[in-house]
Amino acid sequence: MPENNDVPVTAQSSAPPTRIRSEKSRPSAFWILAGLILPIMNLAARYDIIDAHKFPRSGAFVFSPNHYSEIDPVVMGVVAWKLGRLPRFLAKASVFEIPVIGAVLRKSGQIPVQRGGSVRGSEPVKAAQRLAEKGQIVVVYPEGSLTRDPDLWPMRGKTGAVRIALEQGIPIVPAAHWGSQHLMERYSKKVSLFPRKTITVKIGDPIDLSQFRGRSLDTATLNEATAVVMLAITALLEDLRGEKAPAKRWNPSEHNQRETGRFEA
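Residues numbered from 1 in each chain as written. Predicted model: local features only at pLDDT ≥ 70, side-chain atom pairs only at ≥ 80, totals over all residues. Heavy atoms only, no water.

Trainee: Lay out the nonpolar core in plain terms, naming residues and giving numbers.
Mentor: Grouped together as the largest cluster of nonpolar side chains are 34 residues, with contacts concentrated most on Y47, F55, F63, V75 and I203. When contributions to this core are tallied by element, the ones reaching two or more residues are α1 (29-44), β2 (45-50), β3 (61-65), α2 (72-82), β6 (137-139), β7 (172-178) and β8 (197-203). Leaving out residues up to four positions away in the same chain, F63 has contacts with F55, M76, V138, V139, V140, V173, A175 and I203. Grouped together as the second largest cluster of nonpolar side chains are 26 residues, I111, I164, I172 and M230 included. (Core = buried A, V, L, I, M, F, W, Y, C linked by side-chain atoms within 4.5 Å. Buried < 20%, exposed > 50% of the residue type's maximum accessible area, 1.4 Å probe, protein only. Helix = DSSP H or I, 4+ residues; strand = E, 2+ residues; numbered from the N terminus. Contact = heavy atoms within 4.5 Å.)

Trainee: Break down the packing of aromatic side chains for me, with residues and values.
Mentor: According to the stated counting rule, one finds four aromatic pairs in the structure shown. Summarising the aromatic geometry, the rings of F61 and F63 are spaced 6.2 Å apart at their centres and angled 80° between planes, so their arrangement reads as edge-to-face. In this structure F61 comes out as buried when scored by relative accessible area, which is 0%. Seen from their ring centres, Y68 and W178 are 5.3 Å apart, and the 55° between their planes marks the pair as tilted. Residue Y68 is found in the loop between β3 and α2, and its partner W178 is found in strand β7; the two are separated by 110 residues along the sequence. Looking at Y68, the relative accessible area reads 1%, which means it is buried. Residue W178 is classed as partly exposed on the basis of its relative accessible area of 21%. Aromatic ring contacts, followed pair by pair, group F55, F61 and F63 into a single cluster. Note that R241 overlies the ring of W178, its terminal NZ or CZ placed 4.2 Å from the centroid. (Phe/Tyr/Trp six-rings, centres within 6.5 Å; stacked < 30°, edge-to-face > 60°. Lys NZ or Arg CZ within 6 Å of the ring centre and 35° of its normal.)

Trainee: So what's going on with unusual backbone geometry? Residues and values would help.
Mentor: A negative phi angle is the norm for most residues apart from glycine, just as the trans form is the norm for most peptide bonds. Between F194 and P195 the backbone carries a cis peptide bond, its omega angle lying at -5°. Of note in this structure, Y187 is not a glycine but carries a positive phi near 70°. By secondary structure assignment, the location of Y187 is in the loop between α6 (180-183) and β8. For Y187, a relative accessible area of 8% corresponds to the buried category.

Put into structure tokens, the structure is as follows:
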């Protein structure tokens, strides 16, 4: 399969690496996706992955990055692939209706969600359970949609990621990335392939949700746990950007913005 070794990895660990067979070594529909996507994405960008050793090479977990460009899922899918894992995303159900693309998405285990990203009491939760039982990962953007923050800081989070993690008893691994906006601006339909961009990704430590386990997963508990996740993601992005995020997280409802769609329209 297409590979690219142009991936500077910064890891702060002196322990010798453990040999774990990569998920991507097994034939799957991901080989088709990789063959179509990797040549273009490797041409368009190089990926500087910081603390890659914190990304679990085996076992089930929820991978939760920040979200500010429509190309983010492709970028983070490439990152997961480069780190040896097969990424399954919660994706808009409408995408699964596209001929050929929908079939490949289903075959690769992607999870359809209805508009708004709801996962409560629905098929996505069952699909996440199946992934957890198989020791696979699921990528969930806690923001639910592209951030509305004018400076691209993470906005308020939704509870889907922590609900899956707490219900399935699996960890959440936060991440932040910066540079995708140069590849594809927020809400743009145009990808800028040249000159080649640099996308920096920082992987965080698994988030300790032990204080929430065993509690009723009511709205208060889920919101409290989600706030912990958003703080972790924001801290990672602050490190990448060398800036401090606003003290108050952006909330679309406080700015008369819709939860979905292009808020500039």
